[in-house]
Amino acid sequence: MILPDQTIIRRLLYLAVLVLISFPLVTSGDDQQNDADDEEKVIFINDDENVFGVDSKNQLNVGSAGKLPVWDPFGYVMYCPCMGRFGNQAEQFLGSIAFAKALNRTLVVPPWRTYKNVPYDEFFKYEELQKAHKVILMEEFMEYLAPSHWQPGQRLGYCWLPRNSDQKCQMKKGSPFGPFWDAFNIDFDELVSYHVSSYVSGSEKDFSAFHEEWNSQFPVSEHPVFAFKGAPASFPVHPENRKYHQYMKWSDSIMSEVNAHIQQLFHGESFVGIHLRNGMDWDRACNHAEGRHNLMASPQCLERGQLLTRGMCYPTTPSILETTKAVVMKIQAKHVS
Ligand SMILES: *[C@@H]1O[C@H](CO)[C@@H](O)[C@H](O)[C@H]1NC(C)=O
């Protein structure tokens, strides 16, 4: 197999990732339907030879088997990934790691939310995530810790609300809010609204002011478990928090599926895979792109101060063909998909 030029692959990946990550906000209505649509169009590209070449049967699954979790007296952060589909949830997940780090609380890792809850470790390697910060899978938290430390009657739900708002915190109203918590049989006994920002936008040296602000309002002694209505993180992810992406590695089962697809479609020959977001909804969303600093996940494509163009958001057919042709020629690809 001809190994494609890394920079080109990276650029394509970049494009694919941008497009993937940009999706969900626009069409968050019907998860199941949209996910099925996406599936047909998604082409997987993987530039990590280590992952690429490894036979999944040879990999050790360390996990947390055999060791029961112990209670962290520094507290927990739990939330519903209730905004958008996978890409949005992933971006907010990175910011949520930063939030938990800033407060030195254990992050209760939520399942991904599709039309159901999908445990984190079905998609990603949990043992990699453990290198980022202290974490516990939500399934394990509920099984091992909640019965003794977070029992029904003690469950506080936290919502951000504007100051002086007469709105009420509603943790479980609507979908996916209700079904997400219901899957764990969680009801809230009391609701707490907060008005300070939960967005950690600084680097680690700025954590202490943030920590102090939160801790003075919500000391861990009275608020051991923050259960947030939504991710305590911005969308798109703050650039400082992108670094946590390195701890998200696809699970072996996802990778073997990917490799099986690649093998079946391309028989080990070089290929270029493109994920084009070119439906009507996207066309429409891109009408708002021109001249903006920011549209969904666009910051990852822009240099500081650079503005978006419609062409970046929704490339013309000739420009797609031209770029594709250049990449195909460069790596002598046998397939375009
Ligand atoms: C953070 O929490 C851990 C326990 O999970 C504790 O050992 C450590 O001392 C804490 N760090 C700070 C700065 O409080």
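Preceding block: the structure.
Now for a description of the structure that goes with this document. Remember, predicted model here, so these are calculated numbers, not experimental data. (Residues numbered from 1 in each chain as written. Predicted model: local features only at pLDDT ≥ 70, side-chain atom pairs only at ≥ 80, totals over all residues. Heavy atoms only, no water.)

**With respect to helix α4 (residues 86-102)**
Helix length check: α4 (17 residues) gives 24 Å between terminal C-alpha atoms against 24 Å at 1.5 Å per residue, within 8%. The buried fraction of α4 amounts to 15 of the 17 residues, a majority that puts the element mostly inside the structure. Of the residues trailing α4, N104 is marked for its positive phi of about 50°. (Helix = DSSP H or I, 4+ residues; strand = E, 2+ residues; numbered from the N terminus. Expected span 1.5 Å × (residues − 1). Buried < 20%, exposed > 50% of the residue type's maximum accessible area, 1.4 Å probe, protein only.)

**Things to note about the pattern of salt bridges**
When charged atoms on two side chains of opposite charge get close, those side chains can pair. In total, this model carries seven salt bridges according to the counting rule given. Between D281 and R277 there is a salt bridge, and its shortest N-O distance comes to 2.4 Å. Classification of D281 as partly exposed rests on a relative accessible area of 22%. Overall, R277 belongs to the buried group, its relative accessible area being 10%. (Salt bridge = Lys/Arg side-chain N within 4 Å of Asp/Glu carboxyl O.)

**Examining the state of the cysteines**
Put plainly, two cysteines are in a disulfide when a covalent bond ties their sulfur atoms together. Within the structure shown, the criterion is met by three disulfides. Sulfur-sulfur distance for the disulfide between C159 and C169 comes to 1.9 Å. Given an S-S torsion of about 70°, the disulfide between C159 and C169 has right-handed geometry. With a gap of 10 residues between them, C159 in strand β6 (residues 156-160) and C169 in the loop between β6 and α8 (177-182) connect regions that are remote in the sequence. When its relative accessible area of 3% is taken as the criterion, C159 is described as buried. Note that C286 is cross-linked by a disulfide to C313, the S-S spacing being 2.0 Å. (Disulfide = S-S within 2.5 Å.)

**Quick look at the environment of V327**
Along the polypeptide, V327 turns up in helix α13 (residues 317-331). Put simply, V327 and F271 are 56 residues apart on the chain and 9.9 Å apart in space, counted from C-alpha to C-alpha.

**Digging into the site of the ligand**
For the ligand, the full set of nearby residues is D72, F74, N104 and K134. Within the side chain of N104, one N or O atom sits 2.5 Å away from an oxygen atom of the ligand. In isolation the ligand offers 360 Å² of accessible surface; the protein chains occlude 37% of this area. Residue classes in the shell around the ligand are distributed as one nonpolar, one polar and two charged. (Near = heavy atom within 4 Å. Polar contact = N/O pair within 3.5 Å; in protein donor to acceptor, adjacent residues only side chain to side chain. Areas by Shrake-Rupley, 256 points an atom, 1.4 Å probe, with all protein chains shown as cover. Nonpolar A, V, L, I, M, F, W, Y, C, P; charged D, E, K, R; others polar.)

**A closer look at the environment of K125**
Position of K125 relative to the elements: it lies in the loop between α5 (120-123) and α6 (126-129). The spatial distance from the C-alpha of K125 to the C-alpha of W250 is 5.9 Å, given a sequence separation of 125 residues.

**With respect to the pairing of β6**
Within β6, four of the five residues are buried, which leaves the element mostly enclosed by the surrounding structure. For the segment spanning β6, α8 and strand β7 (residues 190-194), crossover handedness is right-handed. Pairing analysis gives two bridges linking β6 to strand β8 (residues 225-228), with the strands arranged parallel. Following the sheet pairing, Y158 is matched in β8 by F228. (Right-handed = clockwise from strand over helix to strand, strands pointing away. Pairing = 2+ DSSP bridges.)

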